[in-house]
Amino acid sequence: MALLEIRSLCPGTRLGVWKIQETEAEFYHLYPSLYPFSKELSSRYHNECRRVEFLAVRALVHEMAPDADIDIQHNSTGKPLLPGWNISISHTRGFAAVILSQESVVGVDIEYFSDRVKRVASRFIRPDEMALDLPHQLIHWSVKETVYKYDSEEDLRYKEMRLEPFQLSDGYCLVDNLKSQWKVKVFFEVTSDYVLTFTYGAHSC
């Protein structure tokens, strides 16, 4: 299996990343508890990539919290629900990420590294934000996805969030929610394969 890491961020809060290399059949072989999802997945997703992403997320949850129920449900806004845990999930081409916490609200996003965001940068980057190069643009996109998930009930629009200036070496940025006037700290990691962003804890830094 291609489990990249499971990291403890603080007591009761864990972050996991999976590099998806398995086929659907291999997931069922490695994790027989996933097999009951097979019929549902076949009817829901015609694309095997989508089915494999679904399975990768649940395999990752099992590795992070072996006693947790991997039958993840969703509320009316699409927010994932897992009894006993706050959970946020993300997947992109070839990778899946999960953050779990028994203590705090969480958010996570992972985006494969490419220049596709350049074509739509004006849709999510404000004129008063600094995102002149590709890594900064990817971070802005991913961070705003993370903050959206962190407080999904607010249904924030991209331009209702503003990233304060930051350096890549910082490893985090501060994000202003311009709708409700709170601020959140979001951590980021940039590799040659992906950008990973995540947050946990209270609104105020």
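Before reading on, note that the structure itself is shown above.
Since the structure is predicted, the reported quantities are computational estimates derived from the model, not experimental observations.

1. Considering the environment of Phe54
(1) Moving on: Secondary-structure assignment places Phe54 in helix α3 (residues 48-64).
(2) Moving on: By relative accessible area, which is 8% here, Phe54 ends up buried.
(3) Moving on: Contacts of Phe54, omitting those with residues within four sequence positions, involve Phe37, Leu41, Arg44 and Tyr45.

2. A short note on the pairing of strand β1 (residues 3-10)
(1) Moving on: Here β1 runs beside strand β2 (residues 13-19); their pairing, made up of six bridges, is antiparallel. Bridged to Cys10 within β2 is Thr13.
(2) Moving on: A loop of two residues connects β1 with β2, the two strands running antiparallel in sequence, and Gly12 in this loop sits at a positive phi of about 85 degrees.

3. Some details on the packing of aromatic side chains
(1) Moving on: What the rule picks out here adds up to 13 aromatic pairs.
(2) Moving on: With a centroid separation of 5.4 Å and an interplanar angle of 75 degrees, the aromatic rings of Tyr28 and Tyr35 are classed as edge-to-face.
(3) Moving on: Overall, Tyr35 belongs to the exposed group, its relative accessible area being 53%.
(4) Moving on: Taken together, the aromatic side chains of Tyr172, Phe187, Phe198 and Tyr200 make up a single cluster linked through ring pairs.
(5) Moving on: In this arrangement the basic side chain of Arg116 is found over the ring face of Tyr112, its NZ or CZ atom lying 4.0 Å from the centre.
(6) Moving on: Between the NZ or CZ atom of Lys185 and the centre of the ring of Tyr172, over which it lies, the distance is 4.3 Å.

4. Quick notes on the sheet that holds strand β11 (residues 194-200)
(1) Moving on: With antiparallel pairing, the five strands of this open sheet are ordered in space as β7-β11-β10-β9-β8. Edge positions in the open sheet fall to β7 (106-112) and β8 (161-163), since each of these has one partner strand only. Each strand axis lies, on average, 25 degrees off the axis of its neighbour in the sheet, ignoring direction.
(2) Moving on: Examined bridge by bridge, β8 and strand β9 (residues 172-177) share three bridges and lie antiparallel to one another. By the bridge assignment for β9, Leu163 is matched with Val175.
(3) Moving on: The strands that helix α5 (residues 134-150) touches are β7, β8, β9, β10 (182-190) and β11; relative to β7, the one it contacts most, it runs at about 150 degrees.

5. Describing the environment of Arg51
(1) Moving on: You can see Arg51 is positioned in helix α3.
(2) Moving on: With a relative accessible area of 13%, Arg51 lands in the buried category.
(3) Moving on: The spacing of Arg51 and Lys185 is 134 residues in sequence and 32 Å in space, taken between C-alpha atoms.
(4) Moving on: If we ignore the near neighbours within four places in the chain, the residues touching Arg51 are Glu24, Leu41, Ser42, Tyr45 and His46.

6. Quick word on the environment of Leu100
(1) Moving on: Considering the arrangement of structural elements, one finds Leu100 in strand β6 (residues 95-101).
(2) Moving on: In the structure, Leu100 is positioned 15 residues away from Trp85 in sequence and 6.2 Å away in space, judged by C-alpha atoms.
(3) Moving on: Excluding its chain neighbours within four sequence positions, the residues that come into contact with Leu100 are Gly12, Thr13, Arg14, Met64, Ala65, Leu82, Trp85, Asn86 and Ile87.

7. Let's talk about the nonpolar core
(1) Moving on: Grouped together as the largest cluster of nonpolar side chains are 30 residues, with contacts concentrated most on Trp18, Phe27, Leu34 and Val98.
(2) Moving on: Every element with two or more residues in this core is listed here: α1 (24-30), α3, β5 (86-92) and β6.
(3) Moving on: At nine residues, α3 tops the list of elements feeding residues into this core.
(4) Moving on: Core analysis: the second largest hydrophobic core is formed by 22 residues, Ala131, Val143, Val184 and Phe188 among them.

About the cut-offs
Residues numbered from 1 in each chain as written. Predicted model: local features only at pLDDT ≥ 70, side-chain atom pairs only at ≥ 80, totals over all residues. Heavy atoms only, no water. Helix = DSSP H or I, 4+ residues; strand = E, 2+ residues; numbered from the N terminus. Buried < 20%, exposed > 50% of the residue type's maximum accessible area, 1.4 Å probe, protein only. Contact = heavy atoms within 4.5 Å. Pairing = 2+ DSSP bridges. Phe/Tyr/Trp six-rings, centres within 6.5 Å; stacked < 30°, edge-to-face > 60°. Lys NZ or Arg CZ within 6 Å of the ring centre and 35° of its normal. Axes fitted to C-alpha atoms, helices over the stretch in contact; angles between N-to-C directions. Core = buried A, V, L, I, M, F, W, Y, C linked by side-chain atoms within 4.5 Å.

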